[in-house]
Amino acid sequence: MSAAKKLFTCTHFEVKGLRQMKLDSLIEKATQYEGNVVAVAAAEDEEVLEAVAGALKKNMASFLLFGNSEKITQILNANHADVASSDHLTIMHAETAALAAEMAVKSVKEKKASVLMKGNVPTAVILKAVLNKEYGLRTGSVLSHVAVFEVPNFDKFTIVTDAAMNIAPDLSQKAQITANAVGIAKSIGVEMPKVAPIAAVEVVNPNMQATLDAAALTQMNQRGQIKGCIVDGPLALDNAVSIEAAEHKGITSDVAGQADILLVPTIEVGNALYKSLIYFAQAKVGAVIAGAKAPIVLTSRADSAESKLYSLALAICSAK
Ligand SMILES: CCCC(=O)SCCNC(=O)CCNC(=O)[C@H](O)C(C)(C)COP(=O)(O)OP(=O)(O)OC[C@H]1O[C@@H](n2cnc3c(N)ncnc32)[C@H](O)[C@@H]1OP(=O)(O)O
């Protein structure tokens, strides 16, 4: 597949005088890239095909749909007749979901596709295929979940990592998770992301591992071991995202109150933050797994169709 051509850089919208980052801008940006192909593993799923149809209508990418060809065709004809015979859709039959995952992963490995998307296949099955030593998409780095939020009343994207893959990362894994998130941030126009390793407090407490790791990550950043970003922590969530809260605590920091990336210490913190933003703050989100040979969209049934489209757009924007 030819390299995607990047033509579009603006990701801002002017909203009532406020320069606000909108996830819709990622859809617009994704349409400006050329030649992206998304391999969908076990595409026989109404909601996944709704996202595929939405992306096709916006000319975001071409799709290789692996799975039960009869069911895929039936769903497309019944619900998306307008795109069912699109030149940008290819259906490849697979007898089982596991085989569909393997075929989709192999198509990415063979550079026939630039993005992998999960369909009607358990997360563990597709991740096993991704991590397969023979045909998988390992790079030697940690794979991690990166979620980009548009939070009401916040004028920039808030990136949360890792809310869904790494359970209790150690310091080395946190450094790689940071690098993955920095790569995603840059792909959506955040040139020098500010990273806040989150803890319960903003001072080092030897009894709180999150604060020790945060301080070490800060030092690693200052010594050039974590590049392309500014890391400063530990920070509690309030002093990471609110300048007033940071000032109230007397924190002097390039990151406090302005964090682009919230690096959470464990999956529980990240998952609760992720879901709080959606359910309490009505935030919108797009997310990918980064760190593999290609970005991976792991949709879940709870995701809205809009969120699946944002995730696809994010994956396309970050595909190399
Ligand atoms: C945010 C909204 C969406 C959600 O709520 S999602 C729900 C919450 N998420 C989850 O439940 C998933 C949590 N994570 C997990 O269960 C596991 O870590 C995960 C991803 C399934 C992997 O676990 P296992 O399959 O048991 O893997 P394992 O530990 O036995 O390792 C097998 C080989 O894979 C490697 N591996 C595992 N995780 C990796 C990673 N993140 N990056 C890179 N490599 C990774 C691991 O090193 C091992 O390699 P090797 O065979 O020793 O060479």
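Residues numbered from 1 in each chain as written. Predicted model: local features only at pLDDT ≥ 70, side-chain atom pairs only at ≥ 80, totals over all residues. Heavy atoms only, no water.

Quick look at the domain arrangement of the protein now. Under the domain assignment used here, the protein contains domain 1 (21-138 + 292-319) and domain 2 (142-291). Taking only C-alpha atoms into account, the centre of domain 1 sits 28 Å from that of domain 2. Looking only at domain 1, the three residues that lose the most surface to domain 2 are Met21, Leu23 and Leu314, adding up to 35% of its buried area. Linking domain 1 to domain 2 there are 2 salt bridges. Notably, a salt bridge pairs Glu306 with Lys284, separated by 3.5 Å at the nearest N-O pair. Where domain 1 touches domain 2, the interface holds 7 residue pairs in polar contact (both at pLDDT 80 or more). (Domains from an automatic or database assignment. Buried area = accessible area lost by both parts, 1.4 Å probe. Salt bridge = Lys/Arg side-chain N within 4 Å of Asp/Glu carboxyl O. Polar contact = N/O pair within 3.5 Å; in protein donor to acceptor, adjacent residues only side chain to side chain.)

Within the secondary structure layout, Thr218 lies in helix α8 (residues 209-222). Those residues in contact with Thr218 that lie beyond four places of it in its chain are Val231, Asp232 and Gly233. (Helix = DSSP H or I, 4+ residues; strand = E, 2+ residues; numbered from the N terminus. Contact = heavy atoms within 4.5 Å.)

This next bit is on the packing of helix α1 (residues 24-31) against helix α12 (residues 305-318). The interhelical angle for the contact between α1 and α12, taken along N-to-C directions, is 45°, at an axis separation of 8 Å. Taken together, the axes of α1 and α12 lie oblique to each other. As for the relative orientation of α1 and α12, their crossing is left-handed in sense. For the pair α1 and α12, contact is made by Asp24, Leu26, Ile27, Lys29 and Ala30 and by Leu309, Tyr310, Ala313, Leu314, Ile316 and Cys317, respectively. Each residue belonging to the contact of α1 with α12 can be placed in one class, and the counts come to 9 nonpolar, no polar and 2 charged. (Axes fitted to C-alpha atoms, helices over the stretch in contact; angles between N-to-C directions. Parallel < 35°, antiparallel > 145°, perpendicular 65-115°, else oblique. Left-handed = near helix turned anticlockwise from the far one by under 90°. Nonpolar A, V, L, I, M, F, W, Y, C, P; charged D, E, K, R; others polar.)

Burial within strand β12 (residues 284-290) is extensive, with 6 of its 7 residues counted as buried. Of the strand pairs in this sheet, strand β7 (residues 144-150) and β12 are connected by 7 bridges, and their pairing is antiparallel. Bridge assignment links Val148 to a residue of β12, and that residue is Gly286. (Buried < 20%, exposed > 50% of the residue type's maximum accessible area, 1.4 Å probe, protein only. Pairing = 2+ DSSP bridges.)

Our next topic: the layout of surface pockets. Taken as a whole, the largest pocket holds about 660 Å³ of empty space. Lining the largest pocket are 31 residues, and of these Tyr274, Lys275, Leu298, Ser300 and Asp303 lie nearest its centre. Mapped onto the lining of the largest pocket, the elements with two or more residues apiece are α6 (123-131), α11 (267-279), β12, β13 (296-297) and α12. In terms of residues, the lining of the largest pocket owes the most to one element, β12, which gives 6 residues. The residue makeup of the lining of the largest pocket, split by class, is 17 nonpolar, 9 polar and 5 charged. Among the domains, domain 1 (21-138 + 292-319) and domain 2 (142-291) are the pair contributing at least three residues each to the lining of the largest pocket. (1 Å grid on protein atoms, 1.4 Å probe; cavity = no way out; pocket = protein on both sides within 12 Å on 5 of 7 lines; lining within 4 Å. Points joined across faces, edges and corners; volume = space filled by probe spheres on them.)

This part takes up unusual backbone geometry. Residue Asp162 is reached from Thr161 by a cis peptide bond, and omega for that bond is -5°. Relative to the helices and strands, Asp162 is located in the loop between β8 (158-161) and α7 (171-187). The omega angle of the peptide bond from Gly233 to Pro234 is 10°, so this bond is cis rather than trans. Tracing the sequence through the fold places Pro234 in the loop between β10 (230-231) and α9 (237-241).

The local shell around the ligand holds 16 residues, among which Leu143, Ala164, Met165, Asn166 and Asn271 are the closest. Within the side chain of Asn271, an N or O atom sits 3.1 Å from an oxygen atom of the ligand. Take Lys275: an N or O atom from its side chain is 3.2 Å from an oxygen atom of the ligand. In the complex, 52% of the free accessible area of the ligand, which totals 1,000 Å², lies under the protein chains. Broken down by secondary-structure element, the contributors of at least two residues to the shell around the ligand are α6 and α11. Take the shell around the ligand: its biggest share by element is 4 residues, from α11. Class assignment of the residues belonging to the shell around the ligand gives a composition of 10 nonpolar, 3 polar and 3 charged. Looking at the shell around the ligand, you find at least three residues from each of domain 1 (21-138 + 292-319) and domain 2 (142-291). (Near = heavy atom within 4 Å. Areas by Shrake-Rupley, 256 points an atom, 1.4 Å probe, with all protein chains shown as cover.)

Moving on: α6. Regarding α6, the residues found buried are Ile126, Leu127, Ala129 and Val130. The buried side chains of α6 occupy one side of the element, clustering within an arc of 155° when seen end-on. Relative to its buried face, α6 has exposed residues pointing more than 90 degrees away, namely Ala124 and Lys128. If you follow the buried residues of α6, they end up packed against β3 (37-41), α5 (97-109), β6 (115-118) and β13. (Arc of directions from axis to C-beta.)

Charged atoms that come close allow side chains of opposite charge to pair. Under the definition given, this model contains 9 salt bridges. Of the charged contacts, one joins Lys22 and Glu150 as a salt bridge, the two residues approaching to 3.4 Å between their closest N and O atoms. Pair noted here: Lys22 is in the loop between β2 (18-21) and α1 and Glu150 is in strand β7, with a separation of 128 residues, a long-range link. A salt bridge links Glu110 to Lys112; the shortest N-O distance between them is 2.9 Å. Owing to a relative accessible area of 47%, Glu110 belongs among the partly exposed residues under this scheme.

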